[in-house]
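# Understanding the architecture of this molecule
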Amino acid sequence: MEAEKEKLQTMAGHGKTRPKNSGTKQLFDNPILEALSRTHIMVPISMWLILSAFLVWYAFTYTDMGNWMIGGLFTVGLFTFTLFEYVLHRYLYHLAPTTPSRAKIQYTFHGVHHEYPKDKTRLAMPPALAIFVAAFFFGVFFLMMGESAYAFFPGFLVGYSGYLATHFIVHAYAPPKNVFKQLWINHSVHHYKNPESNYGVSSPIWDYIFGSFQK
């Protein structure tokens with residue numbers, strides 16, 4: 001039973017699989033799918049910042065919301081993303097590999113990143129998939145809050161863009177001598193010391209709140 005557990009953990013990129021300091025991993029035999037599974041970090045960041053600017057412009061121009069309401073909803077969306085980031089990372093990206101299918105899903109989504117943390121082409125969700133995910137979330141937010149989504153969702157996307165930028169910086173560069181140094185250290189603990197801790201990348205606040213922070 002213990003041997004089977006270790007095998008599943010290895011399939012998911014956990015357990016005895018040591019992080020590799022260079023290289024990459026082919027996930028798909030189909031060359032088109034393989035290409036779509038990778039992206040330059042500036043592609044999604046640019047996409048989401050441009051979309052955020054458009055939605056904010058739309059909120060100011062075509063809705064009845066006042067300036068303070070738009071600003072407040074934007075800020076709430078930004079803060080909400082930090083919680084979403086934590087929950088997604090902890091409970092989906094680190095899905096317990098209790099079966100071969102779950103282990104494969106976990107490895108494809110996130111385990112490959114733990115095995116090859118320096119692979120710069122897999123530090124963000126590929127745009128081909130992210131577009132559909134973003135459309136889904138905007139639809140959910142619009143159903144929940146109506147036109148307020150035009151101000152809330154841009155904040156959410158800016159939060160995501162900040163996460164992407166932070167995640168890229170801590171993996172692609174040496175420890176900086178600025179505010180990012182502590183975030184670099186926190187995420188290094190997650191990758192090289194204890195993958196079941198320090199789930200927050202752009203902010204450690206939820207790790208402190210939920211008791212998953214480790215020095």
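Residues numbered from 1 in each chain as written. Predicted model: local features only at pLDDT ≥ 70, side-chain atom pairs only at ≥ 80, totals over all residues. Heavy atoms only, no water.

Right, let's talk about the side chain of His 191 for a bit. Assignment of secondary structure puts His 191 in helix 8 (residues 180-192). Of the polar contacts made by the side chain of His 191, one reaches the side chain of His 113; its length is 3.1 Å. Other than its neighbours up to four places away in sequence, His 191 contacts Pro 19, His 113, His 114, Pro 117 and His 171. (Helix = DSSP H or I, 4+ residues; strand = E, 2+ residues; numbered from the N terminus. Polar contact = N/O pair within 3.5 Å; in protein donor to acceptor, adjacent residues only side chain to side chain. Contact = heavy atoms within 4.5 Å.)

Let us now look at helix 5 (residues 100-115). With 16 residues, helix 5 extends only 18 Å from end C-alpha to end C-alpha; this falls clearly short of the ideal 22 Å at 1.5 Å per step. At Tyr 107, helix 5 shows its strongest bend, of approximately 60°. (Expected span 1.5 Å × (residues − 1). Bend = angle between axes of the 7 residues up to and from the residue.)

Of note, Asn 198 is a non-glycine position whose phi angle comes to about 50°, a positive value. Summarising the element assignment, Asn 198 is placed in the loop between helix 8 and helix 9 (205-210). The class for Asn 198 is buried, based on a relative accessible area of 1%. (Buried < 20%, exposed > 50% of the residue type's maximum accessible area, 1.4 Å probe, protein only.)

Its location among the elements puts Pro 154 in helix 7 (residues 149-172). Residues Pro 154 and Pro 176, 22 residues apart in the sequence, show an inter-C-alpha distance of 28 Å.

Within the secondary structure layout, Thr 82 lies in helix 4 (residues 67-93). Its relative accessible area of 17% is what places Thr 82 among the buried residues. The contact partners of Thr 82, leaving out residues within four places of it in the chain, are Ser 202 and Trp 206.

Next up on the list: a nonpolar patch on the surface. On the surface, Phe 79, Leu 83, Val 87, Tyr 91, Ile 205, Ile 209 and Phe 210 cluster together into a nonpolar patch covering about 640 Å² of accessible area. Those elements giving two or more residues to the nonpolar patch turn out to be helix 4 and helix 9. When you line up the elements, Phe 79 lands in helix 4. The class for Phe 79 is partly exposed, based on a relative accessible area of 46%. (Patch = residues over 30% accessible without salt bridge, like charges linked within 9 Å, V, L, I, M, F, W, Y side chains within 5 Å. Areas by Shrake-Rupley, 256 points an atom, 1.4 Å probe, with all protein chains shown as cover. Salt bridge = Lys/Arg side-chain N within 4 Å of Asp/Glu carboxyl O.)

Next up on the list: the environment of Ser 212. Note that Ser 212 resides in the segment after helix 9. Note on Ser 212: relative accessible area 6%, which makes it buried. When neighbours within four sequence positions are excluded, Ser 212 is seen to be in contact with Tyr 86, Arg 90, Ser 197, Asn 198, Tyr 199 and Asp 207.

In this section: the confidence of the model for the chain. Across the chain, pLDDT averages 88, with 91% of residues at or above 70. For the chain, per-element mean pLDDT is lowest for helix 1 (residues 2-11), which scores 47, and highest for helix 3 (residues 42-62), which scores 97. Low pLDDT (under 50) marks residues 1-8, which in the prediction has six contacts with non-local residues, meaning those over four places away or in another chain. (pLDDT = per-residue confidence, 0-100.)

Further remarks concern the pattern of salt bridges. Scanning the model with the defined rule gives three salt bridges in all. For Glu 34, the salt bridge is made with Arg 38, and the minimal N-O distance between the two is 2.8 Å. Looking at Arg 38, the relative accessible area reads 23%, which means it is partly exposed. With a closest N to O distance of 2.9 Å, Arg 122 and Glu 34 form a salt bridge. Here the residue Arg 122 occupies a position in the loop between helix 5 and helix 6 (127-145), and Glu 34 occupies one in helix 2 (residues 31-36), the gap between them amounting to 88 residues. On the basis of relative accessible area, Arg 122 is assigned to the buried category, the value being 11%. One salt-bridge network, in which partners are shared between bridges, spans Glu 34, Arg 38, Asp 119 and Arg 122.

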